[in-house]
Amino acid sequence: MKSYVHLENGDVFTGKWLTEQPEGNVTGEIVFFTGMTGYQEVLTDPSYKNQIVVFTYPLIGNYGINHEDFESSKPHVAGVIVHRGDLPHSHYNANSSLVQYLDKWNIPMLGNVDTRAIVKRIRTNGSMQACLTNQADLKLAEINHANEAPVPVVSQKEITVHGNGSHHIVLMDFGYKKSIVNYLIEKGCKVTVVPYNTSYEKIASLQPDGILLSNGPGDPVELLPQIDNISAVASAYPTLGICLGHQLVALAFGGKTKKLLFGHRGANQPVADLVNKTVFMTSQNHSYVVDESSLQQTDLQVRFLQVNDGSVEGLQHAKLPILTAQFHPEANPGPAESSVIFDEFLQNVKSNSGREKVYA
């Protein structure tokens, strides 16, 4: 039986189910990922909540699924589109195949699809709504799409503590990746993960040395009700914002965000550090970006720029120890050369050690 990918612009592509056939239609925003590896990390990254991911590399699944590379406890994607994804897998750490893993979580994967053509449509028309279905004729406008704000869904509900290092970092969870916590622990930190809407007063009672605003899914303006709280927290402690966290820092200090045509996703995105005059390759996953023109009347300065399109990739504050990155310095998947940003953040933490607040 043929299956279909319906795009919001009216294009239709054929394929076949590589996983169990889903019940009903599967909808979500369709995006593409350009990495040759890292599909396990992508599937379990909460930033991909409610999205249908097209893998541009034609052969996906050849090293299976293991217990080490999960970024969260379950996959968050709405669906997967590949050219080939039912390959025999071979890796000493593998515990299951890609198909078996997705079936366990009822995540559909459509294969034998012209992924090159779909990506060309996305690059031309931008990220858009899509539907995976058995119906050849379908009016996408009549399908109910998920419109629930994703951050409250993916953020953990309870406070948890990881590691026992000498520097205490409170991580505000907007949809964090496990590798961020692991990296901080390796750097000698104790990490307390708190829900996204934890108040400044509660965070202050935890006596942190620094704050990390995590990555996460969705449009940052959906979190405007939290902006005053985020501003208070970031103003009080050395802060690092990653991906969505970076965008929230911009909003908290007077900047604005906007949506890119098709976003940046993949493990091959070049970024220039305007302070250190270096360029490094980064791992990224975002649709929204900070509007550089909105920063002119703020204390935020552009620190990192995307080499290909000149978009803002990170900020620093003129007066406060605040640093942000649109990309993922912890990589996973991707190159780890930008991990030096964690070192700079922790240096800010050490420099502020012993002070109750940066300023009142």
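Placed above this text is the structure.
Residues numbered from 1 in each chain as written. Predicted model: local features only at pLDDT ≥ 70, side-chain atom pairs only at ≥ 80, totals over all residues. Heavy atoms only, no water.

S.K.: An account of the side chain of T239 is needed here, citing residue identities and associated values.
M.R.: Along the polypeptide, T239 turns up in strand β12 (residues 239-242). For T239, a relative accessible area of 0% gives the class buried. Setting aside anything within four residues of it in sequence, one finds T239 in contact with I211, L213, V233, A234, P321, I322, L323 and F345. (Helix = DSSP H or I, 4+ residues; strand = E, 2+ residues; numbered from the N terminus. Buried < 20%, exposed > 50% of the residue type's maximum accessible area, 1.4 Å probe, protein only. Contact = heavy atoms within 4.5 Å.)

S.K.: Can you lay out the nonpolar core for me, pointing to particular residues and giving the numbers?
M.R.: In this structure, M172, F174, I211, L248 and F253 are the most contacted members of the largest nonpolar core, which totals 31 residues. Of all the elements in the fold, those that place two or more residues in this core are β9 (167-173), α6 (200-205), β11 (210-213), α7 (227-236), α8 (244-252) and β16 (312-317). In terms of residues, this core owes the most to one element, α8, which gives six residues. Apart from residues no more than four positions distant in its own chain, M172 is found in contact with V194, Y196, T198, I203, I211, L212, L213, S214, N229 and V233. Counting 25 residues, the second largest nonpolar core, distinct from the first, contains C189, V271, L323 and F345. (Core = buried A, V, L, I, M, F, W, Y, C linked by side-chain atoms within 4.5 Å.)

S.K.: Could you give an account of the packing of α7 against α8, with specific residues and numbers?
M.R.: Remark: α7 packs on α8, axes separated minimally by 9 Å, with the N-to-C direction vectors making an angle of 95°. Judged by the angle between their axes, α7 and α8 are roughly perpendicular. Residues I227, I230 and S231 of α7 lie in contact with α8, whose contacting residues are L248, L251 and A252. Of the residues in the contact of α7 with α8, the class split is five nonpolar, one polar and no charged. (Axes fitted to C-alpha atoms, helices over the stretch in contact; angles between N-to-C directions. Parallel < 35°, antiparallel > 145°, perpendicular 65-115°, else oblique. Nonpolar A, V, L, I, M, F, W, Y, C, P; charged D, E, K, R; others polar.)

S.K.: So what's going on with the environment of S127? Which residues, and what values?
M.R.: Counting through the fold element by element, S127 comes out in the loop between α3 (115-125) and β7 (128-133). Given the relative accessible area of 15%, S127 is considered buried. Sequence-wise, S127 and F345 are 218 residues apart; in three dimensions their C-alpha atoms are separated by 33 Å.

S.K.: Kindly report on the sheet that holds strand β1 (residues 3-7), identifying the contributing residues and their values.
M.R.: Strand order around the closed barrel formed by seven strands is β1-β2-β6-β5-β4-β3-β7, with mixed pairing between neighbours. Going from strand to strand, the sheet's axes swing by 35° on average, the running direction of each strand aside. Pairing of strand β3 (residues 26-33) with β7 involves five bridges; the strand directions are antiparallel. Bridge pairing in β7 links T27 to C131. Here α3 sits on the sheet in contact with β1, β2 (12-17), β3, β4 (51-55), β5 (79-81) and β7, set at roughly 90° to β3. (Pairing = 2+ DSSP bridges.)

S.K.: I'd love a proper account of the pattern of salt bridges, names of residues and values included.
M.R.: Following the criterion strictly, the structure yields eight salt bridges and no others. A salt bridge links R121 to D11, with the shortest nitrogen-to-oxygen separation between them at 2.7 Å. Placement of R121 in helix α3 and of D11 in the loop between β1 and β2 is noted, with a sequence separation of 110 residues between them. A salt bridge links D86 to R84; its shortest N-O distance comes to 3.5 Å. Exposure remark for D86: the relative accessible area of 37% places this residue in the partly exposed category. Overall, R84 belongs to the partly exposed group, its relative accessible area being 33%. (Salt bridge = Lys/Arg side-chain N within 4 Å of Asp/Glu carboxyl O.)

In short, geometric facts, not functional conclusions.
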